[in-house]
Amino acid sequence: MLALSAFKLLKIHRFLDLLLLGIDIGGTKVALALGDERGRLVARRRRPTEPSGRPQTDVERMVDDARRLMADADVSPSQLSAAGISVPGPLDPERGVVLGPPNLPSWSNVPVRELFASALDLPVWVENDANAAALAEWRFGAGRGLSHLVYLTMSTGIGAGLILDGRLYRGQHGNAGELGHVPVEWGGAQCACGMRGCFEAYAGGAAWTRRLREVAPETSRVVALAGGRERVDPEHVVAAAREGDDFARAELDRFNEYLARGIAVVAFLLAPQAVILGTIAAAAGEELCLARVRERVATRVWPALTRELRIVPAGLGEQLGAYAGLCTALEGLEAARS
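To start, this report covers the structure provided alongside it.

The rules behind the values
Residues numbered from 1 in each chain as written. Predicted model: local features only at pLDDT ≥ 70, side-chain atom pairs only at ≥ 80, totals over all residues. Heavy atoms only, no water. Salt bridge = Lys/Arg side-chain N within 4 Å of Asp/Glu carboxyl O. Helix = DSSP H or I, 4+ residues; strand = E, 2+ residues; numbered from the N terminus. Buried < 20%, exposed > 50% of the residue type's maximum accessible area, 1.4 Å probe, protein only. Contact = heavy atoms within 4.5 Å. Pairing = 2+ DSSP bridges. Axes fitted to C-alpha atoms, helices over the stretch in contact; angles between N-to-C directions. Polar contact = N/O pair within 3.5 Å; in protein donor to acceptor, adjacent residues only side chain to side chain. 1 Å grid on protein atoms, 1.4 Å probe; cavity = no way out; pocket = protein on both sides within 12 Å on 5 of 7 lines; lining within 4 Å. Points joined across faces, edges and corners; volume = space filled by probe spheres on them. Nonpolar A, V, L, I, M, F, W, Y, C, P; charged D, E, K, R; others polar. Parallel < 35°, antiparallel > 145°, perpendicular 65-115°, else oblique. Left-handed = near helix turned anticlockwise from the far one by under 90°. Phe/Tyr/Trp six-rings, centres within 6.5 Å; stacked < 30°, edge-to-face > 60°. Core = buried A, V, L, I, M, F, W, Y, C linked by side-chain atoms within 4.5 Å.

Taken as a whole, this structure holds 21 salt bridges when the rule is applied. Where Arg 170 meets Glu 127, a salt bridge forms, and the shortest distance between an N and an O atom there is 2.8 Å. Of this pair, Arg 170 sits in the loop between β10 (167-169) and α5 (199-203) while Glu 127 is found in strand β7 (residues 124-128), placing the two residues 43 residues apart along the sequence. Overall, Glu 127 belongs to the buried group, its relative accessible area being 4%. One salt-bridge network, held together by shared partners, links Glu 185, Asp 253, Glu 257, Arg 261, Arg 296 and Arg 300.

Secondary-structure assignment places Thr 49 in the loop between β3 (41-48) and α2 (55-72). Excluding its chain neighbours within four sequence positions, the residues that come into contact with Thr 49 are Gly 26, Gly 27, Thr 28, Lys 29, Val 30, Arg 61 and Leu 104.

In space, the five strands of this open sheet follow the order β10-β9-β8-β11-β12, with mixed pairing throughout. The outermost strands of the open sheet, each flanked by one partner alone, are β10 and β12 (310-313). If you compare each strand with its neighbour and ignore which way they point, the axes differ by 25° on average. The pairing of strand β9 (residues 158-164) with β10 spans three bridges and is classified as antiparallel. Across the sheet, Ile 163 pairs through a bridge with Leu 168, a residue of β10. Across the sheet, helix α4 (residues 129-140) lies against β8 (149-154), β9, β10 and β11 (274-277), angled at about 50° from β9, the strand it touches most. Taken strand by strand, helix α9 (residues 246-270) contacts β8, β9, β11 and β12, and its axis lies near 155° from that of β8.

Here helix α8 (residues 234-242) has its buried residues at Pro 234, His 236, Val 237, Val 238, Ala 240 and Ala 241. At its buried positions, α8 is contacted by α6 (205-215), α7 (221-226), α9 and α10 (279-300). The N-capping residue of α8, defined by a side-chain oxygen 3.0 Å from the backbone nitrogen of Glu 235, is Asp 233. Positive phi shows up at Gly 244, right after α8, with a value of about 90°.

In this structure, the largest pocket spans a volume of roughly 1400 Å³. What lines the largest pocket is a set of 50 residues, and nearest its centre among them are Thr 28, Met 154, Ser 155, Thr 156 and Thr 279. The element that contributes the greatest number of residues to the lining of the largest pocket is α10, accounting for four residues. For the lining of the largest pocket, the class distribution of residues is 20 nonpolar, 21 polar and nine charged. When its volume is computed, the second largest pocket comes out at roughly 470 Å³. The wall of the second largest pocket is formed by 21 residues, among which Glu 127, Arg 170, Glu 331, Gly 332 and Ala 335 lie closest to the centre. Contributing elements (two or more residues each) for the lining of the second largest pocket: β7, α4, β10 and α12 (320-337). Residue classes in the lining of the second largest pocket are distributed as seven nonpolar, six polar and eight charged.

Their axes nearest at 8 Å, the elements α8 and α9 cross at an angle of 120°. The angle between α8 and α9 falls in the class oblique. α8 and α9 meet at a crossing whose hand is left-handed. Contacts from Val 237, Val 238, Ala 240, Ala 241 and Arg 242 of α8 reach α9 at Ala 248, Arg 249, Glu 251 and Leu 252.

With that settled, the discussion passes to the packing of aromatic side chains. Counted according to the given criterion, the structure contains four aromatic pairs. Ring geometry for Trp 208 versus Phe 255: centroids 4.9 Å apart, planes at 5°, classification stacked. Here Trp 208 is found in helix α6, whereas its partner Phe 255 is found in helix α9, with 47 residues between them in sequence. The pair formed by Trp 208 and Phe 255 is uniform in burial state, with each residue classed as buried.

On to the pairing of strand β4 (residues 82-87). Taken across its six residues, β4 has six buried, putting it largely inside the fold. With five bridges joining them, strand β1 (residues 19-25) and β4 adopt parallel strand pairing. Across the sheet, Asp 24 pairs through a bridge with Ser 86, a residue of β4. Here β4 pairs with β7 via five bridges, running parallel. Across the sheet, residue Val 87 finds its bridge partner in β7, namely Asn 128.

Counting residues in each nonpolar core, the largest one holds 51 residues, and the members touching the most others are Leu 152, Met 154, Leu 252, Phe 255, Leu 259, Ile 263 and Leu 277. Among the elements that line this core, the one with the most residues is α9, at eleven residues. Setting aside residues up to four positions removed in sequence, Leu 259 forms contacts with Leu 152, Met 154, Phe 199, Leu 277, Ala 281, Cys 289 and Val 293.

Function cannot be read off these values alone, since they describe shape.
What follows is the structure in structure tokens.
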């Protein structure tokens, strides 16, 4: 939906230097936004991903989404300075090519930058979704003012975006931060990437949803809230846990355990000032998740590394996807100017 204040805000934005298009492509949703370098949103739109099995067709539909968004906001492509695309990894950020994300199975070697740039006639930058979200939280969310932070995507899959010494760290070929595929159980559950025991196979949204639909008791509050076991997802677990359902509480405890194992790796390896948590952990909140994860991390990591470590929810909430795309464009423009 178009933001209600879009036309009023647009009058302000016409006087600013940078008006940007951001697109966040996820395993389950696509979010689009128009905004400026100060983080003010002009308009936004969101819909289910609904992959067709043909990446070029999917991109064409997203281009149509972008054109409709611009038309609704009375913005022409000539008014835009750049576009940023946030996508699941792995990818080659230099060429803007998506290499084969586990949660977008048909997207193999897709030249996302080229396709969008050609269709929109704009400079386009492409970034791993975890990196893009880390940039968004660092610039406009829970990480403002920090020099060392890690953002963990906690939605369909798990990834880590790293801000180190006040700069985005991509690593060799842009592949740093694939924390979701660090093993937390040797020889454990099968992951979508093809390996076993991955962090994502235990705490990622897609894997957890599959597990819940197999093991949730028909008599549990979780199934009742979902309207059937085949519809259960982590959102229903969080809601049922708040009502005191035993199965839901046990499942959240299991999730918290694996989340703490992943964060312990991050703490020892990078010693960040903050670990910022996205979707699932943020939705579960302080009592059911964050406080318990902090306690477990504190028992497994040296006090010198946890004394000032903040484990906090993302600050941008449901608008994080919109900001992720915009911050990808902004980061690309700043790099090009330096």
